[in-house]
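Understanding the architecture of this molecule
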Amino acid sequence: MAKTARTKYLIIGNSAGGVGAAEAIRAVDKAGTVTIVSDEPYPAYSRPLISEHLAEGCSLERMLFRPADFCERHGIKTLLGQKVASLSLDEHIARVETGQEIGWEKLLLATGGKPIVPRMEGLESKGVFTFTTLADAKAIAQAITPSSRAVVIGGGLIGVSVTEALVKRGVGVTIVEMKDRILNTILDEEASALAAEALSEHGVEIITGHTVSKVNSRPAKGGSVSSVTLENGRKLPCNLVVVAIGVVPRLDLVAGSDVRTNRGVIVDRHMATSCRDVYACGDVAEAYDFIAGENRVTPVWPNAYLGGRVAGFNMAGAPAEYQGGTAMNSLKYFGLAIVSAGVTNPPDGSYEVVSNIYGSSCRKIWVKDGFIRGMLYSGEIEPAGIVFSLMRDMVNVDSFKERLVAADLGLSSLPEALWRSRLSLPPSVPVTTIPVEEPEEVLVGE
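These numbers were taken from a predicted model, which means no experiment stands behind them.

The subject of this paragraph is the overall build of the chain. Counting its regular elements, the chain contains ten helices and 25 strands. Relative to the compact-globule value of 22 Å for 446 residues, the chain shows a C-alpha radius of gyration of 23 Å, a close match. Seen through its C-alpha atoms, the chain measures out along the principal axes to roughly 70 × 60 × 40 Å. Taking all 446 residues of the chain together, 55% fall into the buried category. The long-range fraction of contacts in the chain, counting pairs at least 24 apart against all pairs at least 6 apart in sequence, stands at 61%. For the chain, the centre of its 44 positive side-chain charges and the centre of its 51 negative side-chain charges are spaced 5 Å apart.

If you want it as structure tokens, here you go:
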């Protein structure tokens with residue numbers, strides 16, 4: 001029988017949410033044992049930077065989310081490159097694939113998401129990859145040859161990200177997107193068209209409204225990819241295929257348990273699940289979305305980190321509440337900078353769109369009942385943080401909404417009482433210059 005190790009806090013997952021939780025726990029409890037288990041062998045790294053690793057060999061040191069000795073300095077035990085195989089929630093025991101058992105008092109599920117891989121003939125061929133981890137980036141980099149040609153299945157954030165990296169490596173790329181436009185879940189039609197134009201100018205072929213039905217391979221060359229076949233019979237020659245349709249919450253460990261799930265693990269505003277002493281955060285969690293006004297899966301880096309911190313504080317006995325996140329994306333691909341958040345493809349006509357297009361820049365906000373419900377800024381995106389903060393704080397913008405898409409948007413564009421409150425200035429203090437609020441750093445997932 002395996003010997004059971006004991007820990008006060010067990011965190012499964014070593015990315016943004018797990019690190020945020022560990023930091024919060026240590027802020028409250030300096031002595032309680034903390035153990036992080038991750039199936040990846042690396043210290044916590046910034047997952048959005050895997051495209052830079054593929055594009056230019058960005059080192060692990062540059063990708064680290066925290067210093068390499070972070071866990072050692074904070075007295076955190078790590079089991080890296082080891083996968084938790086099962087959980088016994090009643091017994092408070094986690095079983096690792098190596099056979100080790102870990103008993104815990106408080107558990108955090110920060111297991112993230114897993115790539116969506118459709119059923120398709122030929123996916124076992126040599127040269128087929130996904131793109132969500134550093135290991136994926138390393139594997140693709142090793143497979144690239146001077147004559148490589150790639151088909152990327154999916155035109156969302158992951159697909160466009162890996163496409164840019166491949167193009168920088170000199171690989172010809174064709175994107176196959178099932179919907180009628182790329183980046184369709186985060187951009188409106190106009191912004192999607194701008195993104196498509198930027199990709200096309202760099203030699204990327206974009207095929208929309210079609211799907212890949214089969215991956216073809218060469219049996220004589222060890223089953224290496226030779227082409228893909230679309231559902232209409234068209235063949236696209238290639239030697240690399242990247243499946244980049246998206247990710248879904250990794251729910252394997254709680255399947256069939258008392259932990260309530262929907263699309264993800266359902267959590268309350270304390271990031272607690274329906275099972276006592278079990279918390280969840282990040283891409284695996286279905287947490288409060290302040291725009292939707294209900295729980296949703298929002299696989300975005302800042303949301304994962306903030307949710308992890310809230311979970312960590314509550315696990316350590318310091319009450320904290322998650323204020324909510326929403327869909328946020330900041331991207332700069334092929335020289336095109338875009339920031340979007342909230343609702344950018346309204347479901348009905350009850351949203352008012354306020355927009356301004358000037359030069360190569362586009363600014364739009366979607367307003368409902370006086371409040372910003374969505375925003376999209378491309379080109380000059382520096383003041384986007386001002387608008388996001390108004391959306392996050394549920395400020396009624398009816399009286400000044402046109403100013404929020406002006407080319408010269410800055411804090412001074414807001415009503416005086418509002419910008420003074422944001423600068424924490426009393427009404428009597430004169431101000432001669434008003435700094436522009438920088439946009440929050442938003443690192444995305446999908």
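Now for empty space enclosed by the protein. Tallied over the entire structure, the rule returns three cavities of 30 Å³ or more. The space that makes up the largest cavity amounts to roughly 80 Å³. In this structure, the largest cavity is lined by M271, C281, G282, A285, A287, R296, V297, T298, N303, A304, G307 and Y322. Looking at the lining of the largest cavity, the elements with two or more residues in it are β19 (285–289) and α8 (301–315). Looking at the lining of the largest cavity element by element, the count peaks at three residues for α8.

This brings us to α8. Given 3.6 residues to a turn, an α-helix orients residues that are three or four positions apart in the same direction. When the terminal C-alpha atoms of α8 are compared, their 21 Å separation across 15 residues agrees well with the 21 Å that a helix rising 1.5 Å per residue should span. Close packing links the buried residues of α8 with β1 (4–12), α1 (16–28), β6 (101–109), β18 (278–280) and β21 (328–333). Looking one or two residues beyond α8, the residue adopting positive phi is G317, at roughly 90°.

Burial within strand β13 (residues 224–230) is extensive, with seven of its seven residues counted as buried. Where strand β12 (residues 212–218) meets β13, six bridges bridge the pair, whose relative direction is antiparallel. What sits directly across from N216, in β13, is S227. The sheet contact formed by β13 and strand β14 (residues 235–237) spans three bridges and is antiparallel. Among the inter-strand pairings, V228 is bridged to a residue of β14, identified as L236.

Moving on, we come to the sheet that holds strand β10 (residues 172–177). By definition, the strands of a sheet pair up through backbone hydrogen bonds, in either a parallel or an antiparallel sense. Spatially, β8-β15-β9-β10-β11 is the arrangement adopted by the five strands of the open sheet, whose pairing is parallel. The outermost strands of the open sheet, each flanked by one partner alone, are β8 (128–130) and β11 (205–208). In this sheet, neighbouring strand axes are inclined to one another by 20° on average, regardless of whether the strands run parallel or antiparallel. Looking at chain direction, β10 and β11 are connected through four bridges and run parallel. Bridge pairing in β11 places I175 opposite I206. Most of the contacts of helix α5 (residues 134–143) go to β8, to which it runs at about 150°, and overall it touches β8 and β15 (240–243).

A few words now on the pairing of strand β9 (residues 149–153). In terms of residue burial, β9 counts as a mostly covered element, since four of its five residues are buried. A crossover connection joins β9 to the parallel β10 through helix α6 (residues 157–168); in handedness this β-α-β unit is right-handed.

A word on the nonpolar core. Counting residues in hydrophobic clusters, the biggest one holds 76 residues, and the most contacted among them are L166, I365, M375, Y377, L390 and L404. Ignoring sequence-local partners within four residues, the contact set of L166 consists of L54, I140, I144, A150, V152, V171, V173 and V242.

A separate point is the sheet that holds β12. The strand order β12-β13-β14 describes an open sheet built from three strands, whose pairing is antiparallel. In this open sheet, the two edge strands, each paired with only one partner strand, are β12 and β14. On average, each strand axis in the sheet is tilted by 30° relative to the strand beside it, whichever way the strands run.

Enumeration according to the criterion identifies four aromatic pairs in this entry. Seen from their ring centres, Y42 and Y45 are 6.1 Å apart, and the 85° between their planes marks the pair as edge-to-face. The interplanar angle of 85° and the centroid separation of 6.0 Å between the aromatic rings of F65 and Y305 together place this pair among those described as edge-to-face. With F65 in the loop between α3 (60–63) and α4 (70–73) and Y305 in helix α8, this pair connects stretches of sequence that are 240 residues apart.

Taken as a whole and assessed by the stated rule, the structure comprises 20 salt bridges. Here D393 ties to R392 by a salt bridge, and the two come within 3.2 Å at their closest N and O atoms. Residue classification places D393 among the partly exposed positions, given a relative accessible area of 39%. The exposure class of R392 is partly exposed, given its relative accessible area of 34%. When salt bridges with common partners are traced through the structure, they connect E23, R66 and R309 into a single cluster.

Along the chain, W419 turns up in helix α10 (residues 416–422). The spatial distance from the C-alpha of W419 to the C-alpha of I372 is 17 Å, given a sequence separation of 47 residues.

What counts, and at which threshold
Residues numbered from 1 in each chain as written. Predicted model: local features only at pLDDT ≥ 70, side-chain atom pairs only at ≥ 80, totals over all residues. Heavy atoms only, no water. Helix = DSSP H or I, 4+ residues; strand = E, 2+ residues; numbered from the N terminus. Rg over C-alpha atoms; globule rule 2.2 N^0.38 Å. Buried < 20%, exposed > 50% of the residue type's maximum accessible area, 1.4 Å probe, protein only. Contact = heavy atoms within 4.5 Å. Lys, Arg positive; Asp, Glu negative; His and termini not counted. Charge placed at Lys NZ, Arg CZ, Asp CG, Glu CD. 1 Å grid on protein atoms, 1.4 Å probe; cavity = no way out; pocket = protein on both sides within 12 Å on 5 of 7 lines; lining within 4 Å. Points joined across faces, edges and corners; volume = space filled by probe spheres on them. Expected span 1.5 Å × (residues − 1). Pairing = 2+ DSSP bridges. Axes fitted to C-alpha atoms, helices over the stretch in contact; angles between N-to-C directions. Right-handed = clockwise from strand over helix to strand, strands pointing away. Core = buried A, V, L, I, M, F, W, Y, C linked by side-chain atoms within 4.5 Å. Phe/Tyr/Trp six-rings, centres within 6.5 Å; stacked < 30°, edge-to-face > 60°. Salt bridge = Lys/Arg side-chain N within 4 Å of Asp/Glu carboxyl O.

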